[in-house]
Amino acid sequence: MQTAAIALIVVLLVGMACGLEITWALGLSCIVAVLLDPKLTFVVIAQRIFANSNSFSMLAIPAFMLAGDVMSKGGLSKRLVAFADSLVGWISGGISLVSIVACTFFAAISGSSVATTAAIGGLMYPEMVKRGYPESYAAAVQAIGGTLGIVIPPSIVLVIYGNITGTDVGALLMAGILPGVVCSIFLCYDATTNSLSLQGLDLMAKMT
């Protein structure tokens, strides 16, 4: 077992050092570890994978991903941005608030941080840069707003965690509502203060 574990780590590191994508490096290292361990066979691994994936709660994951992709391609992200703009767009520095609020709404639909960042960030990042915000700040707002996708239910990460640990998935999703809302509020506050600071610095630069 020690030989297989060492081979797993070594092959993974060598594959990544050679420029191999992490997905293929993980797959290759797992295959080498299975071949070196006499207690493991590919038949047993296939059975374990099937048994672990044969879960009713895991059916929610492809459904969340499909819903997020359909809504992103169908223009829902644009409507969410327009709705968020009608709510908080009038506030000074509201473009940052619009990004966070839109990410909050989309996170409550897709359950994925990647989908949230891609759907909302693809719209808001160019708009923020167009309005004079630094590219680094515009990218940071989209990235931090996307993290709400793993907290606000439905969350793919919470579904996987509940399936692995045997915890009630419904209870996990319910427990993510309050932290997600609190995080969204604090992110909105932080985005507002940072926007005002950037606007103040820009005004001082123009005056000098």
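Asks: With reference to specific residues and values, describe a nonpolar patch on the surface.
Replies: Together, M174, I177, V181 and I185 give the surface a local cluster of nonpolar side chains, amounting to about 380 Å² of exposed area. The element best represented in the nonpolar patch is helix α11 (residues 177–207), accounting for three residues. Position of I185 among the secondary structure elements: in helix α11. A residue is classified by how much of its surface remains accessible, and I185, at 53% relative accessible area, is exposed.

Asks: Could you give me a rundown of the nonpolar core, with the residues and numbers involved?
Replies: V81, V98, I100, I120, M124, M128 and Y137 are the most contacted members of the largest nonpolar core, which totals 26 residues. Sorting the residues of this core by element identifies α5 (76–88), α6 (94–110), α7 (113–130), α8 (135–146) and α11 as the ones contributing at least two each. Considering every element that reaches this core, the biggest residue donor is α6, with nine residues. Once you skip the residues sitting within four places of it in the chain, I100 turns out to touch V141, I144, G145, L148, S184, L187, C188 and A191. Ranked by size, the runner-up nonpolar core spans five residues in total, among them L158, V169, L172 and L173.

Asks: Talk me through helix α1 (residues 2–17); I want residue IDs and the actual numbers.
Replies: Helix length check: α1 (16 residues) gives 22 Å between terminal C-alpha atoms against 22 Å at 1.5 Å per residue, within 8%. Where α1 is concerned, the buried positions are A4, A7, V11, L12 and G15. Down the axis of α1, the smallest arc covering the buried residues is 125°, so these residues share one side. What points out from α1, more than 90 degrees from its buried face, is the exposed set Q2, I6, I9, L13 and A17. The inward-facing, buried residues of α1 contact α2 (22–36). At the exit of α1 stands G19, carrying a positive phi of roughly 90°.

Asks: Tell me about the environment of F105, residues and numbers included.
Replies: Within the element layout of this structure, F105 appears in helix α6. Put simply, F105 and F83 are 22 residues apart on the chain and 9.8 Å apart in space, counted from C-alpha to C-alpha.

Asks: Account for the state of the cysteines, naming residues and giving values.
Replies: Covalently bonding the sulfur atom of one cysteine to the sulfur atom of another cysteine gives a disulfide. All told, the structure shown has zero disulfides when counted by the stated rule. With no disulfide of its own, C103 lies 9.8 Å from the sulfur of C188, the closest cysteine sulfur.

Asks: A description of the packing of α6 against α7 should follow, citing residues and the corresponding values.
Replies: Interhelical geometry of α6 versus α7 gives an angle of 160° and a closest axis separation of 9 Å. With respect to α7, the axis of α6 lies roughly antiparallel. Between α6 and α7 lies a crossing of right-handed hand. Facing α6, whose interface residues are I95, S96, V98, S99, A102, C103, F106, A107 and S110, α7 presents A115, T116, A119, I120, M124, E127 and M128.

Asks: Help me get a handle on the confidence of the model for the chain, residues and values and all.
Replies: Taken residue by residue, the chain gives an average pLDDT of 76. The fraction at 70 or more is 79%. Low pLDDT (under 50) marks residues 200–208, which in the prediction has zero contacts with non-local residues, meaning those over four places away or in another chain.

Asks: Kindly report on α6, identifying the contributing residues and their values.
Replies: The terminal C-alpha atoms of α6 lie 24 Å apart, and with 17 residues this matches the ideal 24 Å at 1.5 Å per residue to within 8%. Of all 17 residues that make up α6, 14 are buried, and the element is covered over most of its length. In the stretch just after α6, G111 is the one whose phi turns positive, near 75°.

Asks: How would you explain the side chain of S29 if you had to name every residue and give the values?
Replies: As for its placement among the helices and strands, S29 is situated in helix α2. In this structure the side chain of S29 is engaged in a polar contact, spanning 2.8 Å, whose partner is the backbone oxygen of L26. Sequence-distant contacts of S29, defined by excluding residues within four places in its chain, comprise L8, V11 and L12.

Asks: Help me get a handle on the environment of V157, residues and values and all.
Replies: When you line up the elements, V157 lands in helix α9 (residues 156–165). A residue is classified by how much of its surface remains accessible, and V157, at 45% relative accessible area, is partly exposed. In the structure, V157 is positioned 44 residues away from S113 in sequence and 9.5 Å away in space, judged by C-alpha atoms.

Cut-offs and rules
Residues numbered from 1 in each chain as written. Predicted model: local features only at pLDDT ≥ 70, side-chain atom pairs only at ≥ 80, totals over all residues. Heavy atoms only, no water. Patch = residues over 30% accessible without salt bridge, like charges linked within 9 Å, V, L, I, M, F, W, Y side chains within 5 Å. Areas by Shrake-Rupley, 256 points an atom, 1.4 Å probe, with all protein chains shown as cover. Salt bridge = Lys/Arg side-chain N within 4 Å of Asp/Glu carboxyl O. Helix = DSSP H or I, 4+ residues; strand = E, 2+ residues; numbered from the N terminus. Buried < 20%, exposed > 50% of the residue type's maximum accessible area, 1.4 Å probe, protein only. Core = buried A, V, L, I, M, F, W, Y, C linked by side-chain atoms within 4.5 Å. Contact = heavy atoms within 4.5 Å. Expected span 1.5 Å × (residues − 1). Arc of directions from axis to C-beta. Disulfide = S-S within 2.5 Å. Axes fitted to C-alpha atoms, helices over the stretch in contact; angles between N-to-C directions. Parallel < 35°, antiparallel > 145°, perpendicular 65-115°, else oblique. Left-handed = near helix turned anticlockwise from the far one by under 90°. pLDDT = per-residue confidence, 0-100. Polar contact = N/O pair within 3.5 Å; in protein donor to acceptor, adjacent residues only side chain to side chain.

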